[in-house]
Amino acid sequence: MKQLGRLLPLSALLLLLAGCGEVNLSALDPQGPVAEMQLSLIKLSLYIMIIVIVVVFVIFAIALIRFREKPGDTHIPKQVEGSKTLEIIWTTIPVILLLILAIPNVMDTFTLANVEADENSITVNVTAHQFWWEFEYPDHDIVAGQDMYIPTNTKILVNLEASDVMHSFWVPALAGKQDNVPGITNEMWLEASHPGVYKGKCTELCGEGHWLMDFRVISVERDVFDKWATNMIGPEQEPASQLAETGREVFQASCIGCHAVGGVGGNPASGGPDLTNFGEREVIAGFLEFNEENLEKWLRYPAETKPGNKMPPFNHLNEDDMKALIEYMKGLKVLD
Ligand code: HEC
Ligand SMILES: [Cu+2]
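A. Representation of the sheet that holds strand E5 (residues 156-162) within the structure. The strand order across the open sheet built from five strands is E3-E2-E1-E5-E8, with neighbouring strands paired in mixed fashion. Looking along the sheet, the strands with just one partner apiece sit at the ends: strand E3 (142-145) and strand E8 (186-190). Put simply, the sheet's adjacent strands are angled 25° from each other on average, direction ignored. Both E5 and E8 contribute to a ladder of five bridges, which runs antiparallel.

B. Spotlight on the pattern of salt bridges. Considering all chains together, one arrives at eight salt bridges under this definition. With a shortest N-O distance of 2.8 Å, Glu282 and Arg216 are connected by a salt bridge. Pair noted here: Glu282 is in the loop between helix H5 (242-254) and strand E11 (283-284) and Arg216 is in strand E10 (residues 214-220), with a separation of 66 residues, a long-range link. Note on Glu282: relative accessible area 49%, which makes it partly exposed. With relative accessibility at 14%, the residue Arg216 sits in the buried group. Among the salt bridges present, the one from Glu327 reaches Lys330, with a minimum N-O distance of 3.9 Å. Remark: Lys330 and Glu327 occur in helix H8 (residues 319-330); sequence separation between them is three residues, near one turn of the helix.

C. Layout of the site of ligand 1. In the neighbourhood of ligand 1, 25 residues make up the surrounding shell, with Cys255, Cys258, His259, Ala285 and Met311 lying closest. Between Phe131 and ligand 1, the recorded distance is 3.2 Å, taken from a backbone N or O atom to an oxygen atom. Looking at the shell around ligand 1, the elements that each hand over two or more residues are helix H6 (292-300) and H8. Residues that form the shell around ligand 1 fall into these classes: 16 nonpolar, six polar and three charged.

D. Quick peek at the coordination of the copper ion (ligand 2). Coordination sphere of the copper ion (ligand 2), protein contribution only: His167 (ND1), Cys202 (SG), Cys206 (SG) and Met213 (SD), at 2.1 to 2.6 Å. The coordination sphere of the copper ion (ligand 2) comprises four donor atoms, whose angles at the metal cover 92 to 123°; the geometry is tetrahedral. Expressed as a motif, the donor residue spacing for the copper ion (ligand 2) is H-x34-C-x3-C-x6-M. Residue His167 is found in strand E6 (residues 167-171), and its partner Cys202 is found in strand E9 (residues 196-202); the two are separated by 35 residues along the sequence. You'll find His167 and Cys202 in the same group, each marked buried.

So, how was this worked out
Residues numbered from 1 in each chain as written. Chains lettered and ligands numbered in written order. Predicted model: local features only at pLDDT ≥ 70, side-chain atom pairs only at ≥ 80, totals over all residues. Heavy atoms only, no water. Pairing = 2+ DSSP bridges. Helix = DSSP H or I, 4+ residues; strand = E, 2+ residues; numbered from the N terminus. Axes fitted to C-alpha atoms, helices over the stretch in contact; angles between N-to-C directions. Salt bridge = Lys/Arg side-chain N within 4 Å of Asp/Glu carboxyl O. Buried < 20%, exposed > 50% of the residue type's maximum accessible area, 1.4 Å probe, protein only. Near = heavy atom within 4 Å. Polar contact = N/O pair within 3.5 Å; in protein donor to acceptor, adjacent residues only side chain to side chain. Nonpolar A, V, L, I, M, F, W, Y, C, P; charged D, E, K, R; others polar. Donors = N, O, S within 2.8 Å, 3.2 Å for Na, K, Ca; no water. Tetrahedral: all angles 85-135°; square planar, octahedral: opposite > 155°, others 65-115°.

Here you go:
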């Protein structure tokens, strides 16, 4: 009973974790054909395992009860050695079960490994950095940071790379995880069946900031995607106010060497995410809620906010410059 009491909080925790489907960080809530295929394989193996466990335990329990030593038992039961029939039965059943498992597994493995382009597909080269994500669209000649925009119902061919250490790309609602390894390109594909925002995470311990290395896959209708891709090329829109214009000057002086906006600036070797559409982010640096207070916190104290990241602190900026910079950054949009 005591053990049961201990197990209860654990089961409550498991139920809570299963509820993660709400933020789409769950493989049990698939939103595209790849994740659906993978979930159905998980289910198939689970059901077969459940059947095996139940049958074995029932036979075990019958044996325990029927053949237990009863009071007054004196004779030793009949000793049996070898049974051809039984041997055949318990060889055939597992072979059949393994075939039921193997056939869909092998078929789906081939489907999942098929990274051939079709007439609609789009390629995205995903480079993982400590501790942020870069999405390059070679067919469109654009680079995006942190948010991976994809058109709905389109096969997305993903090439995984890493600039420093090993990382791992995981968007549970869309596909199983795969590693980003420096010097190697791993390929996979994914597809989203509906418009939506699907959370992703780095799942390979990659340093101090690993636990905050989150990103989003944003699935939008094809026309929205086309607009996004066209406007990401640049040039950036004119700042909407005098304040934003001043902010742009601060940005040009302090930030453009690491962060590209509208195809200008940035540094492929040691820079940060492309900020062309930064004003459309829902989170800053992958995890902080997007608001002015958090943006200022990020700009002044990046190291305290996301440990180990490579953005230098800008705590020396005066109040006016900071205000202007934030106004400018909020206005960086491509879908308006
Ligand atoms: C030495 C290069 C460097 C400079 C200079 C720099 N940054 Fe960064 N910045 C980075 C890196 C690297 C990251 C990614 C940090 C992470 O998440 O690991 C980053 C992240 C960011 C982010 C979060 C981006 C996102 O997609 O959510 C913002 C916003 C940002 N920087 C703004 C600025 C501004 C504004 C300036 C100028 C005042 C600036 N940065 C100067 C390197 C730099
Ligand atoms: Cu990582």
